[in-house]
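The residues making up each chain are set out below.
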Amino acid sequence: MSAGRIKQVLSALGFAAMAFAMVPAAASADDAKPAATEAAYVPKGIPAPAGSVFKTLFSGYQFRSADTRAMQDDDFSNPGMLSVEAATSEWSHVDGEAGKSCASCHADPAKTMHGVGTHYPRWNKVLERPVTLEQQINLCRTNNMKAKPWAFNSENLTNMTTFVRYQSRGLPVAVKVDGPMSVWFDKGKSLYYQRIGQLDMACSNCHEKYYGKHIRADLLSQGQTNDFPTYRLKSQHLVPVEKRFQGCMAKVRAKPYKIFSDNMIALEVYTAWRGNGLPVETPGVRN
Amino acid sequence: MSVPRLRVPKTAKKGEVITIKSLIEHPMESGFRKGPDGKMVPRMIINKFTASFNGKQFFGANIQPSVSANPYIEFDAKIDADGTFDFAWTDDKGVVTKAQAKITVAAA
């Protein structure tokens, strides 16, 4: 047995940054086309459905470095898969006074949860408002399992959200915004274009007008949510979409909307709609 | 700690160089961060990784606080005989997580 050779002890963030620095800059002056992250890689988009604000939809995946893309593509190296595995056992874990687990009602998650993750946030007839996937999981826990709801951004809730959405991986996002959802859609749309904070910036200023271009050393994406909850190399754990929105708002020095507030859910509905047609990538890996 | 993830081929040709991949779930708290209460979060990392073949260590790493959470370690090994791989991760509390994989030499 010869001595093994170390290929990489991956400090993921440092490694990605190093690779990025070595690649010659390929910034494009062309307004229409996103700049390539490396000389060899051209972001691949899909034609947007009718009525979309974009001509071509790009997943955030397309703007990441080769290392980050490879990390997401291989389930072995994708750190988000650890949470999927953790939630797999939680699925059949009995909790609450009703003596039920998720599996009591939804036996085989690969079948019963197939496609579920594509159409949240979704209209809830009882509450008469849209609910996010996180809220739906907690509604199941409180109403059917008689268990305590999990806190937002807790490991349990984020793991379970990731697990449910993972069952729809590869299916196109299909959020419905007609009927009673249209009020929320319109509200989300006005918030998306509303300048906020000390920097006086709207979501659209970065993610519609300047996607594919550099913001400091990083590339702006279209702000799509098809990969959420996503593993951020920066925070080294899975990040739910509303937490990410709060991050953006804090960066433009605005007061972030509260989690599950009307504004936040309206924004989530509208942003999800902008990505209708993109395949679900959960768990994604991003910077 | 969770069960570590391993990817080791089950068979190899004699003299073949195989790639071993490993991933373990761990927060890798660097010891340089402050918590919400303003106090330093104590260091808690995996500081040592070893890989042995039939009881003899052939690869190891002393890991420092700059390594990210959920460390992923990939390395190569040349296979000359049937045997068992033993992998061990040691953290700052002295907890050792172990994993094993077997490999057989297939006729060329």
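Before any of the text, the structure's been laid out above.
These notes cover the structure that comes with them. (Residues numbered from 1 in each chain as written. Chains lettered and ligands numbered in written order. Predicted model: local features only at pLDDT ≥ 70, side-chain atom pairs only at ≥ 80, totals over all residues. Heavy atoms only, no water.)

It is worth spelling out helix α7 (residues 155–166) of chain A at this point. Residues and elements named next belong to chain A. Over its 12 residues, α7 extends 16 Å from the first C-alpha to the last, a length consistent with the 16 Å expected when each residue adds 1.5 Å. Burial analysis of α7 places 9 of its 12 residues in the buried class, which makes it a mostly covered element. For α7, the full list of buried residues reads Leu157, Thr158, Asn159, Met160, Thr161, Thr162, Phe163, Val164 and Arg165. Of the surrounding secondary structure, the elements contacted by the buried residues of α7 are α3 (80–90), α4 (102–105), α5 (109–112), α6 (133–144) and β9 (237–239). (Helix = DSSP H or I, 4+ residues; strand = E, 2+ residues; numbered from the N terminus. Expected span 1.5 Å × (residues − 1). Buried < 20%, exposed > 50% of the residue type's maximum accessible area, 1.4 Å probe, protein only. Contact = heavy atoms within 4.5 Å.)

This part covers the sheet that holds strand β4 (residues 46–53) of chain B. All names here are of chain B. The 5 strands lie next to each other as β2-β8-β7-β4-β5, forming an open sheet whose pairing is mixed. Since the sheet does not close on itself, it has two edges, and those belong to β2 (11–13) and β5 (56–62), each with one partner. Each neighbouring strand pair of the sheet contributes to a mean axis angle of 25°, computed without reference to strand direction. As paired strands, β4 and β5 are joined by 6 bridges and run antiparallel to one another. (Pairing = 2+ DSSP bridges. Axes fitted to C-alpha atoms, helices over the stretch in contact; angles between N-to-C directions.)

Below, the discussion takes up empty space enclosed by the protein. All names here are of chain A. With the rule as written, the count across this model stands at 2 cavities of 30 Å³ or more. Here the largest cavity defines a volume of roughly 160 Å³. Considering the residues around the largest cavity, the lining is formed by 15 residues, among which Tyr120, Arg165, Phe228, Val241 and Glu268 are closest to the centre. At the level of secondary structure, the elements contributing two or more residues to the lining of the largest cavity comprise α6, α7 and α11 (262–274). (1 Å grid on protein atoms, 1.4 Å probe; cavity = no way out; pocket = protein on both sides within 12 Å on 5 of 7 lines; lining within 4 Å. Points joined across faces, edges and corners; volume = space filled by probe spheres on them.)

This brings us to the nonpolar core. Soluble globular proteins: nonpolar side chains tend toward being buried together. Counting 26 residues, the largest nonpolar core has Ile18(B), Ile20(B), Phe49(B), Phe58(B), Phe75(B), Phe85(B) and Phe87(B) as the members making the most contacts within it. Those elements that place two or more of their residues in this core are β3 (17–23), β4, β5, β6 (72–78), β7 (83–91) and β8 (96–106) of chain B. Ranked by residue count, the leading element in this core is β4(B), at 4 residues. Counting 22 residues, the second-largest nonpolar core is a separate cluster that includes Val175(A), Met181(A), Phe185(A) and Trp273(A). (Core = buried A, V, L, I, M, F, W, Y, C linked by side-chain atoms within 4.5 Å.)

This brings us to the side chain of Gln246(A). Residue and element names in this part refer to chain A. Position of glutamine 246 among the secondary structure elements: in helix α10 (residues 241–251). Looking at glutamine 246, the relative accessible area reads 17%, which means it is buried. In contact with glutamine 246, not counting residues within four places along its chain, are Pro256, Tyr257, Lys258, Ile259 and Met264.

When two helices pack together, their arrangement is given by the angle between their axes and by how far apart the axes lie. Residues and elements named next belong to chain A. Between α3 and α7, the shortest axis-to-axis distance is 8 Å and the interhelical angle comes to 95°. By the angle between their directions, the pair α3 and α7 is classed as roughly perpendicular. In this structure, α3 uses Met81, Ser83, Val84, Ala86, Ala87, Thr88 and Glu90 to contact α7, whose residues at the interface are Asn156, Asn159, Met160, Thr162, Phe163 and Tyr166. For the contact of α3 with α7, the residue count by class is 7 nonpolar, 5 polar and 1 charged. (Parallel < 35°, antiparallel > 145°, perpendicular 65-115°, else oblique. Nonpolar A, V, L, I, M, F, W, Y, C, P; charged D, E, K, R; others polar.)

Residue and element names in this part refer to chain A. In this structure, arginine 169 sits in the loop between α7 and α8 (181–192). On the accessibility criterion, arginine 169 (33% relative accessible area) is partly exposed. Separated by 55 residues in the primary sequence, arginine 169 and histidine 114 have C-alpha atoms spaced 8.6 Å apart.

A few words now on the sheet that holds strand β10 (residues 284–286) of chain A. Adjacent strands of a sheet pair through backbone hydrogen bonds, lying either parallel or antiparallel. Residues and elements named next belong to chain A. With respect to topology, 3 strands assemble into an open sheet ordered β9-β8-β10, the strand pairing being mixed. Of all strands in the sheet, those bounded by a partner on one side alone are β9 and β10. Averaged over all pairs of adjacent strands, the angle between their axes in this sheet comes to 40°, without regard to strand direction.

Residue and element names in this part refer to chain B. With 5 of 7 residues buried, β3 is to be regarded as a mostly interior element. Of the pairings in the sheet, the one linking strand β1 (residues 5–7) to β3 comprises 3 bridges and is antiparallel in character. Its bridge partner lying in β3, arginine 7 is registered against lysine 21. As defined by bridge partners, β3 adjoins β6 across 7 bridges and the pair is classed as antiparallel. By the bridge assignment, lysine 21 is partnered in β6 with glutamate 74.

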